[in-house]
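Here is how the chains run, residue by residue.
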Amino acid sequence: MPITHASRKVHVGTNDNTSVYTRAIAAYQSGDSRTAIELCRHALGSDDENFDLLNLLGTALLQMNDHAGAATTLERAIACRSDRAPSWSNLGAARLALG
């Protein structure tokens with residue numbers, strides 16, 4: 001099941017959240033989805049409509065086979081920004097896995 005996360009310049013709220021996002025994406029890219037999930041959830045506590053954080057969280061949840069959590073989170077990301085194809089692709093993968 002392909003999981004995509006677009007590499008691009010991101011805009012994530014506060015400087016603190018930018019740092020957390022940078023650490024989360026590094027964790028995810030190194031295969032540490034658990035840490036990426038924790039970091040995203042922490043940052044979303046102060047910026048709960050942040051597309052980049054929601055998209056990464058949904059992608060990491062999908063990687064961890066939390067298909068319901070991934071679908072819910074990716075739906076929130078798409079509600080913030082519906083023009084990002086990787087989010088739609090990952091949402092489709094999560095829904096397919098849910099049956």
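Residues numbered from 1 in each chain as written. Predicted model: local features only at pLDDT ≥ 70, side-chain atom pairs only at ≥ 80, totals over all residues. Heavy atoms only, no water.

> Pulling in residues and values, what's your account of the overall build of the chain?
Secondary structure assignment for the chain yields 5 helices and 0 strands. Partitioning the intrachain contacts of the chain with sequence separation of at least 6 by distance along the chain shows that 56% fall at a separation of at least 24. Summing over all exposed atoms, the chain offers an accessible surface of approximately 5,300 Å²; the carbon and sulfur share of this is 49%. (Helix = DSSP H or I, 4+ residues; strand = E, 2+ residues; numbered from the N terminus. Contact = heavy atoms within 4.5 Å. Areas by Shrake-Rupley, 256 points an atom, 1.4 Å probe, with all protein chains shown as cover.)

> Go over the nonpolar core with me, naming the residues and quoting the values.
Core analysis: the biggest nonpolar cluster contains 28 residues, and Cys40, Leu53, Leu56, Leu57 and Ala70 have the highest contact counts within it. When residues of this core are traced back to their parent elements, those giving at least two are helix H1 (15-29), helix H2 (33-44), helix H3 (51-63), helix H4 (67-80) and helix H5 (85-98). For leucine 57, the contacting residues outside a window of four places in its chain are Ile37, Cys40, Arg41, Leu44 and Thr73. (Core = buried A, V, L, I, M, F, W, Y, C linked by side-chain atoms within 4.5 Å. Buried < 20%, exposed > 50% of the residue type's maximum accessible area, 1.4 Å probe, protein only.)

> Go over H4, please, and point to the residues and values.
Look at H4: 20 Å from first C-alpha to last across 14 residues, which is about the 20 Å you get at 1.5 Å a residue. Within the span of H4, buried status applies to His67, Ala70, Ala71, Thr73, Leu74, Ala77 and Ile78. (Expected span 1.5 Å × (residues − 1).)

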